[in-house]
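Chain and residue survey
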Amino acid sequence: MSRAVAHRLEQLILDGSLAPEQMIPSERQLASRLGVSRAIVREALHELQGRGVIRTQHGKGSFVSHMVPEPSDNGPLMQMFLEHSRTLYDLFEVRQELEGKAAYLAAERATEQDQYQITKAFEAMERADPLTNAELDHAFHRAIVNACHNPVLVHVLNSLKDLMLNSVQASVANLSHRDEFKRQMDKHHRQIYHSVISRQAKWAQKAAMAHVAHVSDALRTIEQKEHGLIRSSIAPHSLR
C-alpha cells in the first residue's frame, strides 16, 4: 500500500502538480486525500526521501527535490551566458521550440486550476510596470509550462529557470521602453493567453514561437545598431 502512495506522489511530481521546492501536503492531509492511514503515508514519504525524490526539513515539512540540477550562479554555463552575447540567442532558440510545444500542450491539457493560475499570472503581468515586470513576465510563461502536463518538458524547462529569467530580464531591459517592440510583445502575450485559454493549440504554439522569435530578432537588431545590450540588469554578479 505504501508503494502505491509513493507512486501516486511521484506522478504528481512528474506532471508538475508538485513542483521542485514545493512543500508536500502534511501526512494528515495526504492520508485524508488518499484514503489511507498516516502510517502508510509516513512509510511512503520515507521511501521517497531515501531515493532523493523529496527532502525533509525538521520542523518545516517535506519538500520536492530538484529533479534536474539547475545551473549554478557561479557555474561555467551561467558565466558564459553572462559574458558572451551569443549564448543569449542560443537560449532563445531552445525557448522557441520548447515553449511553443508547452503552449500547444497547455491549450489541450490545462485543468480549470491551471487556467486560473495562467489567468492570474497574465493579469498580474498586465498590471505591472513594464520596466520592472521581468519576474511577472517569466511567471506567466512558467504557468503555461506547468499546465502542459508533460513531465519531461516541465522539468527540463524548470532546470533552466535562472537562465530563462535572465533572458526575460534582458528583453525587458532592452525592449520595454521602446514603444514599437513593447506593443508587439504585449500583442504576443495576449495571443498566447487567449489561445491557451480557448484551447486553440496550434494558435497557441504559433503565438508562443512568434513571441520568442520576435524578442530574439529585436535584441539582435539593437545589439548591432548600438554595439551592445543592457546586460548589467540581468544579474548583480555579472562581470559586464
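Residues numbered from 1 in each chain as written. Predicted model: local features only at pLDDT ≥ 70, side-chain atom pairs only at ≥ 80, totals over all residues. Heavy atoms only, no water.

**Overview of the overall build of the protein chain**
- Helix and strand counts for the protein chain come out as 11 helices and 2 strands.
- Going from N to C terminus, the protein chain has its helices and strands arranged as α-α-α-β-β-α-α-α-α-α-α-α-α.
- Burial analysis of the protein chain (240 residues in total) assigns 48% to the buried set.
- If you take every contact in the protein chain between residues at least 6 apart in sequence, the share linking residues at least 24 apart comes to 74%.
- Total accessible area on the protein chain is roughly 12500 Å²; 52% of this is exposed by carbon and sulfur atoms. (Helix = DSSP H or I, 4+ residues; strand = E, 2+ residues; numbered from the N terminus. Buried < 20%, exposed > 50% of the residue type's maximum accessible area, 1.4 Å probe, protein only. Contact = heavy atoms within 4.5 Å. Areas by Shrake-Rupley, 256 points an atom, 1.4 Å probe, with all protein chains shown as cover.)

**Considerations on the environment of phenylalanine 122**
- Within the fold, phenylalanine 122 resides in helix α6 (residues 112-127).
- The class of phenylalanine 122 is buried, set by a relative accessible area of 7%.
- When the C-alpha atoms of phenylalanine 122 and phenylalanine 140 are compared, they prove to be 5.6 Å apart, with 18 residues separating the residues in sequence.
- Residues contacting phenylalanine 122, with those up to four places away along its chain left out, are Phe140, His189, Arg190 and Tyr193.

**Comments concerning the pairing of strand β2 (residues 61-64)**
- Of the pairings in the sheet, the one linking strand β1 (residues 54-57) to β2 comprises 4 bridges and is antiparallel in character. Residue pairing for β2: arginine 55 is matched across the bridge by phenylalanine 63.
- Hairpin connection between β1 and β2: a loop of 3 residues separates the two successive antiparallel strands, and glycine 59 in this loop has a positive phi of roughly 85 degrees. (Pairing = 2+ DSSP bridges.)

**Regarding the packing of helix α7 (residues 134-146) against helix α9 (residues 161-175)**
- Where α7 contacts α9, the two axes come as close as 9 Å, and the packing angle between them is 125 degrees. By the angle between their directions, the pair α7 and α9 is classed as oblique. Considering how the two elements wind past one another, α7 and α9 form a crossing that is right-handed. Packed against α7, whose contacting residues are Ala134, Glu135, Asp137, His138 and Arg142, the element α9 presents Lys161, Met164, Leu165, Val168, Gln169 and Val172 at the interface.
- For the contact of α7 with α9, a count of residues per class yields 5 nonpolar, 2 polar and 4 charged. (Axes fitted to C-alpha atoms, helices over the stretch in contact; angles between N-to-C directions. Parallel < 35°, antiparallel > 145°, perpendicular 65-115°, else oblique. Left-handed = near helix turned anticlockwise from the far one by under 90°. Nonpolar A, V, L, I, M, F, W, Y, C, P; charged D, E, K, R; others polar.)

**A closer look at the pattern of salt bridges**
- A complete count under the given rule lists 9 salt bridges for this structure.
- One salt bridge connects arginine 51 with glutamate 10, and the closest N-O pair in it is separated by 2.6 Å. Remark: glutamate 10 occurs in helix α1 (residues 2-14) and arginine 51 occurs in the loop between α3 (38-50) and β1; sequence separation between them is 41 residues.
- With a shortest N-O distance of 3.0 Å, glutamate 226 and arginine 178 are connected by a salt bridge. Separated by 48 residues along the polypeptide, glutamate 226 in helix α11 (residues 201-226) and arginine 178 in the loop between α9 and α10 (179-197) bring together distant segments of the chain.
- The class for glutamate 226 is partly exposed, based on a relative accessible area of 45%.
- Owing to a relative accessible area of 22%, arginine 178 belongs among the partly exposed residues under this scheme.
- A single network of salt bridges, built from pairs that share partners, joins Arg3, Glu10, Glu47 and Arg51. (Salt bridge = Lys/Arg side-chain N within 4 Å of Asp/Glu carboxyl O.)

**Things to note about the side chain of lysine 182**
- Position of lysine 182 among the secondary structure elements: in helix α10.
- Ignoring any residue separated from it by four or fewer positions in sequence, one finds lysine 182 in contact with Pro130, Leu175 and Ser176.

**Regarding the nonpolar core**
- Membership of the largest hydrophobic core comes to 31 residues, with the highest contact counts inside it found for Ile118, Phe140, Ile144, Ile192 and Val196.
- Within the residue set of this core, elements represented by two or more residues are α5 (85-109), α6, α7, α8 (151-159), α9, α10 and α11. (Core = buried A, V, L, I, M, F, W, Y, C linked by side-chain atoms within 4.5 Å.)

**Considering the packing of aromatic side chains**
- One pass over the full model with this rule turns up 2 aromatic pairs.
- Measuring from ring centre to ring centre gives 5.6 Å for phenylalanine 122 and phenylalanine 140, while their planes differ by 50 degrees; the resulting arrangement is tilted. Note that phenylalanine 122 is positioned in helix α6 and phenylalanine 140 in helix α7, a separation of 18 residues in sequence. Each member of the pair phenylalanine 122 and phenylalanine 140 is classed as buried.
- Summarising the aromatic geometry, the rings of phenylalanine 122 and tyrosine 193 are spaced 4.2 Å apart at their centres and angled 0 degrees between planes, so their arrangement reads as stacked. (Phe/Tyr/Trp six-rings, centres within 6.5 Å; stacked < 30°, edge-to-face > 60°.)

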